[in-house]
Structure formats: structure tokens, C-alpha cells
Amino acid sequence: MAILPIIVAPDPRLKVVSRPVDKVDAAVARLMDDMLETMYDAPGIGLAAPQVGVPTCVIVVDIARKDKGEAPKPLKMANPQLVATSEELKSWDEGCLSLPEHYADVIRPSRAAVRYLDENNKRREIEADGVLAVCLQHEMDHLDGILFVDHVTALKRNMILRKLRKAKKLGMLAAE
Ligand code: NI
């Protein structure tokens, strides 16, 4: 496994629409493992392939609270698709490894059902609520080139992106 560099916004590679995988083969499974290791190292609870420069429909998620002694619960997903969302909405203070140290309230459906291929190319479906529902929708957004700041006001978005651009210029972030 390997720790991959995470792309920091603003960056055109975070705005591309990712390609679905044909099947989860050894190369895709290895990408999933590398992404998971990269996410744990960051640390974060979700990561999408375009964040490590691979425009492919792969995400990894683990919402287990390791700081509270919970065992890891990694989810490795290819071609994730929303099959249903609740009408009920919920606001969550979201962050992103590609927008380090910035957070904003984003409103999304509070529950979501997601269909995907697992690391063995097996078709699966999960129903999520709470932080998992938020995280899955956030990571799936990345596959469409959408960042959490695209869900907030232009004022707030531009403020965050301006600060990140400045931090990158000053070499304060490990940007690629
Ligand atoms: Ni993100």
C-alpha cells in the first residue's frame, strides 16, 4: 500500500467528472487500499479517487471513531450511485481533505441508499443515515467534480478558495 498526495483546491483536477470502472480488478482494488491508507494517514473519514488525481469512480469511507476505540469499518466502493434519498434534510458542518482546515454547513438529504461494487466486484447496496449518509453524498459529489463549497454561498466559497490559494502560494500546504 502507498500514501498518495492529496490535491488541494482550487485545482482543475477536482472539477472533472470521473469515469466509472468496468470492473473491480486487482488494479482498482489496489487503488482502494492506497486511498484508504492515505485517508487514515490524513486523517479523514472519506476520500474520492479524483482527490488523488485518478478520475475514476472510486471512493473509500470509514466513519469509525478510532479515537474512541471503535474498530475500523472501511467501505471500499466503485461506481457508487444514489438509489434513494430521504425528503428530510439535515445540515452538517462539512470538511474535506482537499480544503484543509475549512468547514461550512451543507444541507443534504438526511438518509441515502447507495448501490455500488465492493472490492470483490460484488454488487451491494447500503442504507445510510447520520454522518455516513453525509459522507457518502460528499464523496459521490467529488466524482461529479463537486466540492462541498459548491453547496454554499458564492461569498463563503470564494473566501475559502482565496485563503487556500494564498496558503498554497506561500507553501503552507503540501499541494501538488
Ligand atoms: Ni471531500
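See the structure above.
Scope of this entry: the structure provided in the associated data block. (Residues numbered from 1 in each chain as written. Predicted model: local features only at pLDDT ≥ 70, side-chain atom pairs only at ≥ 80, totals over all residues. Heavy atoms only, no water.)

Quick look at the environment of Ala-133 now. Tracing the backbone through its elements, the reader meets Ala-133 in helix α2 (residues 130–143). Given the relative accessible area of 0%, Ala-133 is considered buried. Dropping the residues within four chain positions of it, Ala-133 is found in contact with Ser-110, Arg-111, Ala-112 and Ala-128. (Helix = DSSP H or I, 4+ residues; strand = E, 2+ residues; numbered from the N terminus. Buried < 20%, exposed > 50% of the residue type's maximum accessible area, 1.4 Å probe, protein only. Contact = heavy atoms within 4.5 Å.)

As a further point, take α2. Over its 14 residues, α2 extends 21 Å from the first C-alpha to the last, a length consistent with the 20 Å expected when each residue adds 1.5 Å. Summarising burial for α2: twelve of the 14 residues are buried, a large majority. Buried within α2 we find Leu-132, Ala-133, Val-134, Cys-135, Leu-136, Gln-137, His-138, Glu-139, Met-140, Asp-141, His-142 and Leu-143. Phi for Gly-145, located one or two positions after α2, is positive at around 75°. (Expected span 1.5 Å × (residues − 1).)

The subject of this paragraph is helix α1 (residues 26–41). With 16 residues, α1 extends 22 Å between its outermost C-alpha atoms, agreeing within 8% with the 22 Å of an ideal straight helix rising 1.5 Å per residue. Among all positions of α1, only Val-28, Ala-29, Leu-31, Met-32, Asp-34, Met-35, Leu-36, Thr-38 and Met-39 are buried. Looking at the packing, one finds that the buried side of α1 touches β1 (46–48), β2 (58–61), β3 (75–85) and β6 (111–117). For α1, the capping residue at the N-terminal end is Asp-25, with a side-chain oxygen 3.2 Å from the backbone nitrogen of Ala-27. (Polar contact = N/O pair within 3.5 Å; in protein donor to acceptor, adjacent residues only side chain to side chain.)

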